[in-house]
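# Architecture and fold: a report
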Amino acid sequence: MLINVYIDESGSIHKNSPTAYFAIGGFLVVNTYKNKVIAHYKRENKKIKDLKNIPLATEIKANQMTEAEKIGFFKAVQDIPTFRGGAKVFLKKRMAKAIMEANIFYNYAVKIFFCDCLIPQLKKLKLTGPIEFKV
């Protein structure tokens, strides 16, 4: 079974960055429902961009959206079968080991996100047969 995984990060992981947090989040969906998620996302994205007069080709950031608009995105996809999401937030100054190499930390963050957020959700779906991830 093919599982589509979408991941995005927020914040900076560079060791000299003043950003206090680094977050990584995303969702998974069984391939059968991938196009439904994309269609819902595009519809909500266009609605917000039209309202705010933002060009369709421009990426909209969360800080440009109201809480209600963010909730609208999640409401649009939350009832799609097999859609599961999550996020992991790292407070950089409380980490046991300093970030020395951004690429290594990013790979570590992705692993933690998969282990702590996505794999437990995948287990709840009780899928049978081999699973292949498409990231």
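Residues numbered from 1 in each chain as written. Predicted model: local features only at pLDDT ≥ 70, side-chain atom pairs only at ≥ 80, totals over all residues. Heavy atoms only, no water.

### Let's talk about the side chain of Glu69
Test applied: The secondary structure listing takes helices from DSSP runs of H or I that are at least 4 residues long and strands from runs of E that are at least 2 residues long, numbered from the N terminus. Pairs of residues are marked as contacts when any of their non-hydrogen atoms sit within 4.5 Å.
Structurally, Glu69 is set in helix 2 (residues 67-77). Sequence-distant contacts of Glu69, that is, excluding residues within four places in its chain, are made with Ile48, Leu51, Lys52 and Gln64.

### Remarks on helix 3 (residues 102-125)
Helical periodicity: at 3.6 residues per turn, an α-helix aligns residues three or four positions apart in one direction. Note the threshold: A helix is expected to span 1.5 Å for every residue after the first. To get the bend at any residue, fit one axis to the seven residues that end at it and another to the seven that begin at it, then take the angle between the two axes.
Between the first and last C-alpha of helix 3 there are 33 Å, a value that for 24 residues agrees with the 34 Å anticipated at 1.5 Å per step. Along its length, helix 3 reaches its greatest deviation from straightness, about 40°, at Phe114. Taken together, the buried residues of helix 3 touch strand 1 (2-11), strand 2 (21-30), strand 3 (84-91) and strand 4 (132-134). Once helix 3 finishes, Lys126 follows within two positions and takes phi at roughly 55°, a positive value.

### Section: the packing of aromatic side chains
Selection rule: Centre distance within 6.5 Å is the pairing criterion for rings of Phe, Tyr and Trp, where only the six-membered ring of Trp is used; planes under 30 degrees apart are then read as stacked, over 60 as edge-to-face, and the remainder as tilted. Each residue gets one of three labels from its accessible area relative to the maximum for its type: buried under 20%, exposed over 50%, partly exposed in between, using a 1.4 Å probe on protein chains only.
Counted under the stated rule, the structure contains 10 aromatic pairs. Each ring, one from Phe22 and one from Phe90, has its centre 6.4 Å from the other, and the planes form 35°; the classification is tilted. Residue Phe22 is found in strand 2, and its partner Phe90 is found in strand 3; the two are separated by 68 residues along the sequence. Taken as a pair, Phe22 and Phe90 share a single burial class, namely buried. On the basis of an interplanar angle of 50° and a centroid distance of 6.5 Å, the ring pair of Phe90 and Tyr108 is categorised as tilted. Placement of Phe90 in strand 3 and of Tyr108 in helix 3 is noted, with a sequence separation of 18 residues between them. Chaining the aromatic ring pairs together yields one cluster made of Phe22, Phe90, Phe105 and Tyr108.

### What to know about the packing of helix 1 (residues 34-52) against helix 2
Using the following cut-off: Between N-to-C directions, angles span 0 to 180 degrees; the directions come from axes that are lines fitted to C-alpha atoms, helices contributing only their stretch in contact. Just so you know how the angles are binned, under 35 degrees is roughly parallel, over 145 roughly antiparallel, 65 to 115 roughly perpendicular, and the rest oblique. Each helix crossing is assigned a hand: it is left-handed if the near helix lies turned anticlockwise from the far helix by less than a right angle, otherwise right-handed if that turn is clockwise.
Look at helix 1 against helix 2: their axes get within 9 Å of each other, and the N-to-C directions meet at 160°. Taken together, the axis directions place helix 1 and helix 2 in an arrangement best described as roughly antiparallel. By crossing handedness, the relation of helix 1 to helix 2 is classed as right-handed. The segment helix 1 lies against helix 2, with Val37, His40, Tyr41, Glu44, Asn45, Ile48, Leu51 and Lys52 engaging Glu69, Gly72, Phe73, Ala76 and Val77.

### Some remarks on helix 2
Heads up, the condition is: As used here, the arc belongs to the directions running from the helix axis to the C-beta atoms.
Of all the positions in helix 2, only Glu69, Gly72, Phe73, Ala76 and Val77 are classed as buried. The buried residues of helix 2 occupy one face: seen down the axis, they fall within an arc of 115°. For helix 2, the exposed residues set more than 90 degrees away from the buried face come down to Glu67, Ala68, Phe74 and Lys75. Buried positions along helix 2 lie against helix 1.

### Remarks on the environment of Cys117
Counting through the fold element by element, Cys117 comes out in helix 3. Those residues in contact with Cys117 that lie beyond four places of it in its chain are Gly86, Ala87, Lys88 and Ile112.

### Considering the sheet that holds strand 1
The condition is simple: Two strands pair if DSSP finds at least two bridges between them.
Across the sheet, which stays open at both edges, the four strands sit in the order 3-2-1-4 with mixed pairing between neighbours. For this open sheet the edge positions go to strand 3 and strand 4, each flanked by a neighbour on one side alone. Neighbouring strand axes in the sheet, compared pairwise and without regard to direction, differ in orientation by 25° on average. Strand direction decides the pairing type here: strand 1 and strand 4, joined by three bridges, are parallel. Along strand 4, the bridge assignment pairs Asn4 with Lys134. Contacting strand 1, strand 2, strand 3 and strand 4, helix 3 crosses the sheet at an angle of about 145° to strand 3.

Interpretation in functional terms is not warranted from these geometric data alone.
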